Amino acid sequence: MIQITCDSCGKQKPAGPSTSTDKWIMGWDLEGDTPRSSINHTVRFLDRWDDRRILELVGIQFCSERCREKYLNRSRAA
Ligand SMILES: [Zn+2]
């Protein structure tokens, strides 16, 4: 069992099956090694949450669309 937290607001994802999980968004930063200031900063997101892939990908997770937007805006503005 791994603890998943929103990379934008720090909210923890509730454990176990829940209807709220479909609001969570998972993705990964394709250029995690490059500075945040890079204009080529590229982030990919999955269409749906998948608990199995979270184990494969050391990615980024958000509790909502709003948090994802916040993260992306911060990345571009940095
Ligand atoms: Zn959040």
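## Details of the packing of aromatic side chains
This model, assessed by the stated rule, comprises one aromatic pair. Ring geometry for phenylalanine 62 against tyrosine 71: centres 5.0 Å apart, planes inclined by 50°, an arrangement best described as tilted.

## Re the sheet that holds strand E1 (residues 25–29)
Read from one edge to the other, the open sheet built from three strands follows the order E2-E1-E3, with strand pairing classed as antiparallel. Every other strand in the sheet has two partners, leaving strand E2 (43–45) and strand E3 (60–62) as the edge strands with one partner each. Within the sheet, the average angular offset between the axes of one strand and its neighbour, ignoring direction, is 30°. Bridge count between E1 and E2: three bridges; the pairing is antiparallel. When the bridges of E2 are listed, tryptophan 28 appears paired with arginine 44.

## Here we look at the coordination of the zinc ion
Coordination of the zinc ion by the protein comes from Cys6 (SG), Cys9 (SG), Cys63 (SG) and Cys67 (SG), over a distance range of 2.3 Å. The site at the zinc ion holds four donor atoms, and with the angles between them running 105 to 116°, its shape is tetrahedral. Sequence spacing of the donor residues for the zinc ion, all on one chain, is C-x2-C-x53-C-x3-C. With relative accessibility at 11%, the residue cysteine 63 sits in the buried group. Given the relative accessible area of 6%, cysteine 67 is considered buried.

## Let's talk about the confidence of the model for the protein
Low pLDDT means the predicted coordinates in that region are not meant to be read closely. Of the residues in the protein, 60% reach a pLDDT of 70 or more, and the chain-wide mean stands at 74. By mean pLDDT, helix H1 (residues 53–56) is the weakest element of the protein at 62, and E3 is the strongest at 87.

## Things to note about the pattern of salt bridges
Counted according to the given criterion, the structure contains one salt bridge. We note a salt bridge from glutamate 65 to arginine 68, for which the minimum N-O separation is 2.3 Å. Of this pair, glutamate 65 and arginine 68 both sit in helix H2 (residues 65–77), three residues apart, roughly one helical turn. Residue classification places glutamate 65 among the partly exposed positions, given a relative accessible area of 40%. Given a relative accessible area of 18%, arginine 68 falls into the buried group.

What counts and how
- Residues numbered from 1 in each chain as written.
- Predicted model: local features only at pLDDT ≥ 70, side-chain atom pairs only at ≥ 80, totals over all residues.
- Heavy atoms only, no water.
- Phe/Tyr/Trp six-rings, centres within 6.5 Å; stacked < 30°, edge-to-face > 60°.
- Pairing = 2+ DSSP bridges.
- Helix = DSSP H or I, 4+ residues; strand = E, 2+ residues; numbered from the N terminus.
- Axes fitted to C-alpha atoms, helices over the stretch in contact; angles between N-to-C directions.
- Donors = N, O, S within 2.8 Å, 3.2 Å for Na, K, Ca; no water.
- Tetrahedral: all angles 85-135°; square planar, octahedral: opposite > 155°, others 65-115°.
- Buried < 20%, exposed > 50% of the residue type's maximum accessible area, 1.4 Å probe, protein only.
- pLDDT = per-residue confidence, 0-100.
- Salt bridge = Lys/Arg side-chain N within 4 Å of Asp/Glu carboxyl O.

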